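# Chains, contacts and geometry: an overview
Okay, here's what each chain looks like letter by letter:
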Amino acid sequence: MKSIIYYFRLSLIFFGLLMIVLINGCSKEDPNDIDHDEPETVLATKSATIGSQGGTLSLDDGTSVTIAKGLLTQEYSVTLSKIGNEQIFGSVENRNCYDLSGLPAGIKATLTFSCPPGKEKELIGVFNYDPVTLEGDQPAFTYNQNDGKIQILNITLRDPQVQKKRWIIEWTDGFYGGAKTVILSVPFYTQAGGSCWAADATMMAKSLYNFSGIEVEISDFLREMGLGIDDGIDGYRFMKNLPWNFKKLVPGAGALTEAYFSNFAYFKSITKKIDEGSPVLLQLSNYGHAVLAVGYKYVPGNGYKNCELIIHDSNGVFPVNAVKGTMYTSRNWDWIFLGGTTFTIYYMMYQNPGINNDVILQTIGFPTVGSDDMWLKLNQVKGTIKNSYSLKWDINEDKGYSWYGNLVGSAAKKLDTIPSNVKEIEAHVPVYNSDLSSAKECVVNFKVTNMKTKKVTYSKNIPVSIGTDKKPKFIDIKADTSEWLKNEGDTTAIPYKLDCQLITTSGAYLDGWNAEFLIDGQTPVKKNYLKFKFSYLGANGNKYKYDFDWAKLKNFFTYYGQWKGNTYKYHETYINEQNQVAGYQADIEYNTSRTKILNLTIKFTLNNIDVVYIKGGGMDVSEVAGEYTYVKNGSTSCNNLSQITFDYGTGTKFTGFCESDSYISLKIEK
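Since the model is a prediction, treat every value here as computed from it, not as a measurement. Each chain has its residues counted from 1, running along the sequence as written. Restriction of local features to residues with pLDDT of at least 70 applies here, the model being predicted, together with a cutoff of 80 or more for giving and counting side-chain atom pairs; totals for whole chains, interfaces and linings are based on all residues. Each side-chain value is worked out from all heavy atoms of the structure, with water and hydrogens disregarded.

This brings us to the pattern of salt bridges. Salt bridges are defined by distance alone: a side-chain nitrogen of Lys or Arg within 4 Å of a carboxyl oxygen of Asp or Glu. Using the criterion set out here, one finds 24 salt bridges in the structure. A salt bridge links arginine 166 to glutamate 40; its shortest N-O distance comes to 3.0 Å. Of this pair, arginine 166 sits in strand E13 (residues 166-171) while glutamate 40 sits in the loop between strand E2 (16-18) and strand E3 (41-50), and the two are 126 residues apart along the sequence. The residues arginine 166 and glutamate 40 share a single accessibility class, namely buried. Among the salt bridges present, the one from lysine 206 reaches glutamate 217, with a minimum N-O distance of 3.4 Å. With lysine 206 in helix H1 (residues 196-206) and glutamate 217 in the loop between H1 and helix H2 (218-225), this residue pair connects regions lying 11 residues apart in the sequence. Pair check on accessibility: lysine 206 and glutamate 217 agree, each one buried. One network of salt bridges, with partners in common, ties together Glu40, Glu86, Asp99, Lys165 and Arg166. Working definition: helices are DSSP H or I runs of at least four residues, strands are E runs of at least two. Numbering for both runs from the N terminus. Each residue is assigned to one of three classes by its accessible area relative to the maximum for its type, calculated with a 1.4 Å probe on protein chains only: buried under 20%, partly exposed between the two thresholds, exposed over 50%.

It is worth spelling out unusual backbone geometry at this point. The peptide bond linking phenylalanine 318 to proline 319 adopts the cis configuration, its omega dihedral lying at 0 degrees. Mapping proline 319 onto the fold places it in the loop between strand E18 (307-312) and strand E19 (329-332). That bond from asparagine 352 to proline 353 is cis: its omega, 5 degrees, falls within 30 degrees of zero. Along the chain, proline 353 falls in the loop between strand E20 (346-352) and strand E21 (362-364). With phi around 50 degrees, tyrosine 328 is a residue other than glycine that occupies positive phi space. Residue position: tyrosine 328 is located in the loop between E18 and E19. What makes tyrosine 328 buried here is its relative accessible area of 7%.

Here helix H3 (residues 235-249) is 15 residues long and its end C-alpha atoms lie 20 Å apart, about the 21 Å a rise of 1.5 Å per residue gives. The largest bend in H3 is about 45 degrees, located at asparagine 241, with the proline proline 243 one to four residues further on. Counting buried positions over the 15 residues of H3 gives 12, a clear majority of the element. Along H3, the residues classified as buried are Gly235, Tyr236, Arg237, Phe238, Met239, Lys240, Asn241, Leu242, Pro243, Asn245, Phe246 and Leu249. Expected helix span is computed as 1.5 Å times (number of residues minus one). A residue's bend is given by the angle between axes fitted to the 7 residues ending at it and the 7 residues starting at it.

With that settled, the discussion passes to the nonpolar core. Here, nonpolar core refers to any group of buried Ala, Val, Leu, Ile, Met, Phe, Trp, Tyr and Cys residues whose side-chain atoms link them within 4.5 Å. Within the largest apolar cluster, 122 residues are counted, with the highest numbers of intra-cluster contacts made by Trp197, Phe221, Phe246, Leu282, Leu376, Trp484 and Phe517. With eight residues, the top contributor of residues to this core is H1. Residues Leu72, Tyr98, Leu100 and Val126 belong to the second largest nonpolar core, which totals 27 residues.

Mapped onto the fold, glutamate 424 is located in strand E26 (residues 424-433). The class of glutamate 424 is buried, set by a relative accessible area of 13%. Polar contact is defined as a pair of N or O atoms within 3.5 Å, subject to the rule that within protein one atom must be able to donate a hydrogen and the other to accept it, and that residues adjacent in sequence are counted only when both atoms are side-chain atoms. A distance of 2.9 Å separates polar atoms of two side chains, one belonging to glutamate 424 and the other to asparagine 379. Here, two residues are considered to be in contact whenever any of their heavy atoms come within 4.5 Å of each other. Dropping the residues within four chain positions of it, glutamate 424 is found in contact with Lys377, Leu378, Asn379, Lys386, Lys478, Ala479, Asp480, Thr481 and Trp484.

Okay, the confidence of the model for the protein next. Across the protein, the average pLDDT comes to 75, with 68% of residues at or above 70. pLDDT runs from 0 to 100 and stands for how confident the predictor is about each residue. Per-element confidence in the protein is highest for strand E5 (residues 64-67), whose mean pLDDT is 97, and lowest for strand E1 (residues 9-11), whose mean pLDDT is 26. Residue range residues 523-565 is modelled with pLDDT below 50. Its contacts to residues more than four positions away, or to other chains, number 127 contacts.

On to the pairing of strand E9 (residues 124-129). Most of E9 is tucked away: six of the six residues are buried. Of the two faces of E9, the one lined by Ile124, Val126 and Asn128 and the one lined by Gly125, Phe127 and Tyr129 are each fully buried. Pairing between strands is defined by DSSP: at least two bridges between the two strands are required. Where E9 lies against strand E10 (residues 136-137), two bridges are found, and the strand directions are antiparallel. The partner of tyrosine 129 across the bridge, within E10, is glycine 136. Linking two consecutive strands that pair antiparallel, namely E9 and E10, is a turn of six residues; a positive phi of about 70 degrees is found at leucine 134 within it.

Turning to the sheet that holds strand E28 (residues 455-466), a few remarks are in order. Strand order across the open sheet formed by four strands is E28-E27-E30-E31, with antiparallel pairing between neighbours. Edge positions in the sheet fall to E28 and strand E31 (509-519), since each of these pairs with one other strand and no more. On average, each strand axis in the sheet is tilted by 15 degrees relative to the strand beside it, whichever way the strands run. Pairing of strand E27 (residues 440-450) with strand E30 (residues 494-504), which is carried by nine bridges, proceeds in the antiparallel orientation. Its bridge partner being in E30, asparagine 450 is matched across the sheet by tyrosine 496. Simply put, an axis is a line fit to the C-alpha atoms, just over the touching stretch for a helix, and the angle between two N-to-C directions goes from 0 to 180 degrees.

Take the sheet that holds E13 next. Strand order in the open sheet formed by six strands is E3-E6-E7-E13-E9-E10, with antiparallel pairing between adjacent strands. Every other strand in the sheet has two partners, leaving E3 and E10 as the edge strands with one partner each.

Once that is clear, we can look at the pairing of strand E7 (residues 95-101). The buried fraction of E7 amounts to six of the seven residues, a majority that puts the element mostly inside the structure. Across five bridges, strand E6 (residues 76-84) lies against E7 in antiparallel orientation. Residue lysine 82 lies in a different strand from E7, and its bridge partner there is tyrosine 98. Bridging between E7 and E13 involves five bridges; their strand directions are antiparallel.

Aromatic contacts are taken between Phe, Tyr and Trp rings whose centres are within 6.5 Å, Trp giving its six-membered ring; a plane angle under 30 degrees counts as stacked, one over 60 as edge-to-face, and the others as tilted. Inspection of every chain in the model, using the stated rule, returns 22 aromatic pairs. Taking the centre distance of 5.9 Å and the plane angle of 75 degrees together, the rings of phenylalanine 89 and phenylalanine 127 count as edge-to-face. One end of the pair, phenylalanine 89, is in the loop between E6 and E7; the other, phenylalanine 127, is in strand E9, with 38 residues separating them in the sequence. Seen from their ring centres, tryptophan 484 and phenylalanine 517 are 5.8 Å apart, and the 85 degrees between their planes marks the pair as edge-to-face. Taken together, the residues tryptophan 484 in helix H6 (residues 481-484) and phenylalanine 517 in strand E31 connect sequence positions 33 residues apart. Members of the aromatic cluster, connected to one another through ring pairs, are Phe89, Phe127, Tyr129 and Phe261. Sitting over a ring, as applied to charges here, requires NZ of Lys or CZ of Arg to be within 6 Å of the ring centre and within 35 degrees of the ring normal. The ring of tyrosine 260 carries the charged tip of arginine 95 above its face, separated from the ring centre by 4.6 Å. Across the ring face of phenylalanine 141, the terminal group of lysine 121 is positioned such that the distance to the ring centre comes to 5.1 Å.

Written out as structure tokens, the structure reads:
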């Protein structure tokens, strides 16, 4: 993660923050952000003129500001207001927000705020901050447990650089009673780049329903928020836009956000939400990271110091280290706030309703460029050079991703289509089991579908056993083009869909993702050999057979066979990218016993063919006369060759078979 920079947007009436805490660097402007901001309200307000004689301005709830006699040299109009839906901290229980304005820079005053009586002082917080720059601190104060009054004596209200006009008062209750541990079972995913917050939001979303058609992925949150995997999320978007987009992406669900400066109030609110069945997305400004709180542990004694949060850390690091963790990682109180200052603000988002008790806990990662642990590639091999076309999450695409060519010797380039001479699909994806009570036997199904023909051209099931040790199980998949690239003679661009699903051993769906890509139209194959083997039962009893080896080239041929009387006719046609005959046609006719070939005719169409080699073997050398070569526009003795016919059964040509299989091999170069 990158360093944190603080900015805020100011509009006290309508729009909230101008510049917000940034995590992971600068974020793009969201044109919809003000649509999701709620205006502040003024719950109560009083104004008074205070001059050299000093004075006190009070609200009905007991909040007041007092200026001592002799501090002011002229009269000032002072306003004290109680604010609802405060632009940063919002409106939550156990919090009051105030605005104080009208006094000159550097003046000292005594402030009094109201709080419920009988609280522990360490569970009360006071934050004074500048809503423009967000600079602030937590000043020293006294607290009267009998009447609940908080007092701050002789504090400088503001100075020329920092306009500390906002006052936030928070209080909470401690843990009481015996030891307590609560853990919610929540699906787990790892992040790519700085998409920690999006990975956490995806975990939250998939804890709500057993998704089978409406599931969302990390890339969906990035797309809706307009943030790339390395952009991170700022405080404004976290507080205002993320819950709105969560509701948009997860039908029937909602999300709410809160902000805290008091460590104790923050921690208590987190545990309360977990008790209510909701995991809590935490934006830890001090780490520049976001995690998902899924549980907590409390042991009586030493107050909050004995509390631990149990988090899903989308870093997915195993074993856990001092900073990075994985699923169900325990972090103590000090870790959560390590590096925080007196003006650090902590954000949280929780969902409504809580998790589904039947939530699926076995998940599979969705690959992207930018992740070390998961990727999806279409590879093209040229000698020792291996070019790759990789899936990359893309916020500018409706489907949330695009394909990039990572070509050797050049920069990555976004592609609309993938070249037809790719050699293989390669995938490396993690599978997780966040059910720590039971190991699971599952299956990863990797399927490719030709979307033009609606035919599945490749499908493979890979058994996988996922333990309870919090470790991902990585699945590697590699399929060459002969297994999945089934154009069946179609030379136009072909859309393909790749489905990667995690299923149970009985076939029930658990989790998955899909990716689409477009393959360029098929082109003629270069420098390929076609071998014909044929023979018959000769007079001397020697047995010969027919065998046409076309397995590696069958995608480029149309063929058919039919019976006619007591003979079988077989036809092969090699076509070009315009779906025209562009190489040769072969017709073979043999009798029903298949012991004798009646006719074999090979017709060459020489358009788009540069060289044709015809070689006979196992035949009478004097008849075959070695190797015939046709060179287009060449000057060989065969340069007028346009059709070759081999007639069998008549004995007119190539009759001197040897006892081994005879053959004719063709080499066609484009």
